[in-house]
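If you want the building blocks of each chain, they are given just below.
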Amino acid sequence: MGTSEFRRNASFSSAYSTSQVSAWLQRLRLPTTYQKYVDEPTTIPKSYATLELLFRSQITVFPYENLTVHYSPTHQVNIKPDVLYSKMMNTNRGRGGYCMELSIFFHHMLRALGFRVTMTGVRNRTRTDGVPDGQYQGWTHINNIIHLPDGTKYSADVAFGGDGPTAPLPMNGEAMIHQNLGSQQVRLVHDNIDKQQLSEPRLWIYQYRNGSDKQWNSFYSFTELEFFQEDFEVQNWWACAHTLHRWTVLVVRFLRAGEPVRYTDGNDDATPAAEADDVCIAGKVMLVNNLVKVNMGGKTQVVCELGNEVERVAALKTYFNITLLEEEVNAICGWDMALA
């Protein structure tokens, strides 16, 4: 299966203009060999190499963050494509978004480049202390499926936070293993989940293990049913108010090889240098409620503990280069997730 399964008269238009896509490509800090496509974005090769590069560039530039749920007057996330573009591209305040924001933004950028891509809903599993061990829940996540001209197909989840893959994963039924950050490995399995009664359709199941000697565990599952903006408007309303985003202040950004990382001693240490004309993932920096953490491929290290909102707002700037407006800072006052 490839692009031939798309309807001949289907619309492949994007919510973003050529100039907006060019600005995004510029923001991604692409290697020099790809700079020639910034002014003519539709000429970019529709290959796995390009998709992987865009994927890794996206997750190292635009952080996974749910700050709008906590630092906005409405505490509601707006996922309309024009609003997402303005938030991530026009403000120059280091903003990203949570799953539906980042994935819808990435979806329309890929469409504007000429990729054949669809969105679908995802069922997450419940967790205990961060480890998935419960039943699959309703549609609370989102994913992009890319169909390349050579007939291959990939899952490109740029918005699963620190547990997400660091590259697109093949949807070929072979459960090919991708070496994620450090010793972690991830894969897609095409199988049924326990609560299914019917044998078809089989689902794509995103699994991980924290070492080749460990057991595989499943994070989420999805089908290939095409979802639309209207579907995610419903999901978004629920996710803002009834999932972990409601009771967790969360920011995650993957670190690109060669960029500085600040540790507890206050010094900036550089990550290992990348190969020329490549984008490599060297680690990730995370904020979870009142803790800032860094993982460079080994054990997660707590960088600092935050005692109040002044410290958390400062940490957003220091470790993520995120600047909140005064009205956003004030919006968390009286909110139950505010630090004392």
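Up top is the structure.
Residues numbered from 1 in each chain as written. Predicted model: local features only at pLDDT ≥ 70, side-chain atom pairs only at ≥ 80, totals over all residues. Heavy atoms only, no water.

## Considering the pairing of strand E15 (residues 301-305)
On a regular strand, one side chain projects to one face of the sheet and the next to the other, so that they alternate. Examined bridge by bridge, strand E14 (residues 291-295) and E15 share four bridges and lie antiparallel to one another. Note that in E15 the partner of Val294 across the bridge is Gln301. Two successive antiparallel strands, E14 and E15, enclose a turn made up of five residues, where Gly297 displays a positive phi of approximately 105 degrees. (Pairing = 2+ DSSP bridges. Helix = DSSP H or I, 4+ residues; strand = E, 2+ residues; numbered from the N terminus.)

## Concerning the packing of helix H1 (residues 18-27) against helix H5 (residues 99-113)
Two elements in contact, H1 and H5, have axes whose closest approach is 10 Å; the angle formed by their N-to-C orientations is 110 degrees. When the axis of H1 is compared with that of H5, the two are roughly perpendicular. Every pair of crossing elements has a handedness; the one defined by H1 and H5 is left-handed. Taken together, the residues of H5 that come into contact with H1 (itself represented by Gln20, Val21, Trp24 and Leu25) are Phe105, Phe106, Met109, Ala112 and Leu113. When the residues that make up the contact of H1 with H5 are grouped by side-chain class, the tally is eight nonpolar, one polar and no charged. (Axes fitted to C-alpha atoms, helices over the stretch in contact; angles between N-to-C directions. Parallel < 35°, antiparallel > 145°, perpendicular 65-115°, else oblique. Left-handed = near helix turned anticlockwise from the far one by under 90°. Contact = heavy atoms within 4.5 Å. Nonpolar A, V, L, I, M, F, W, Y, C, P; charged D, E, K, R; others polar.)

## Overview of the pattern of salt bridges
Per the counting criterion, the structure on display carries 12 salt bridges. Two residues, Arg312 and Glu309, come together in a salt bridge whose shortest N-O distance is 2.5 Å. Here Arg312 pairs with Glu309, and both are found in helix H8 (residues 309-320), just three residues apart, close to one helical turn. The two residues Arg312 and Glu309 agree in class, both being buried. Several salt bridges converge on common partners, so that one network encompasses Glu65, Lys87, Arg93, Arg95, Glu101 and Glu328. (Salt bridge = Lys/Arg side-chain N within 4 Å of Asp/Glu carboxyl O. Buried < 20%, exposed > 50% of the residue type's maximum accessible area, 1.4 Å probe, protein only.)

## Things to note about the pairing of strand E9 (residues 217-222)
Counted residue by residue, E9 has six buried out of six residues, so it is predominantly covered. Here five bridges tie strand E8 (residues 203-209) to E9, and the two strands are oriented antiparallel to one another. When the sheet's bridge partners are listed, Tyr206 is paired in E9 with Tyr220.

## Brief notes about the side chain of Glu328
Mapped onto the elements of the fold, Glu328 is located in helix H9 (residues 326-331). Here Glu328 is in contact with Tyr71, Arg93, Arg95 and Thr323, once residues within four sequence places are set aside.

## Some thoughts on the sheet that holds E8
Strand pairing in a sheet is mediated by backbone hydrogen bonds. Such pairs are either parallel or antiparallel. Taken together, eight strands build an open sheet; the order of strands is E5-E4-E3-E2-E9-E8-E7-E6 and the sheet is antiparallel. The sheet is open, and its two edges are formed by strand E5 (169-170) and strand E6 (178-179), each paired on a single side. When E6 meets strand E7 (residues 185-191), the two strands line up antiparallel, connected through two bridges. Looking at the pairing, Gln179 lines up with Gln185 of E7. Relative to the sheet, helix H6 (residues 229-242) contacts strand E2 (116-128) and strand E3 (131-147), its axis offset from that of E3 by approximately 150 degrees.

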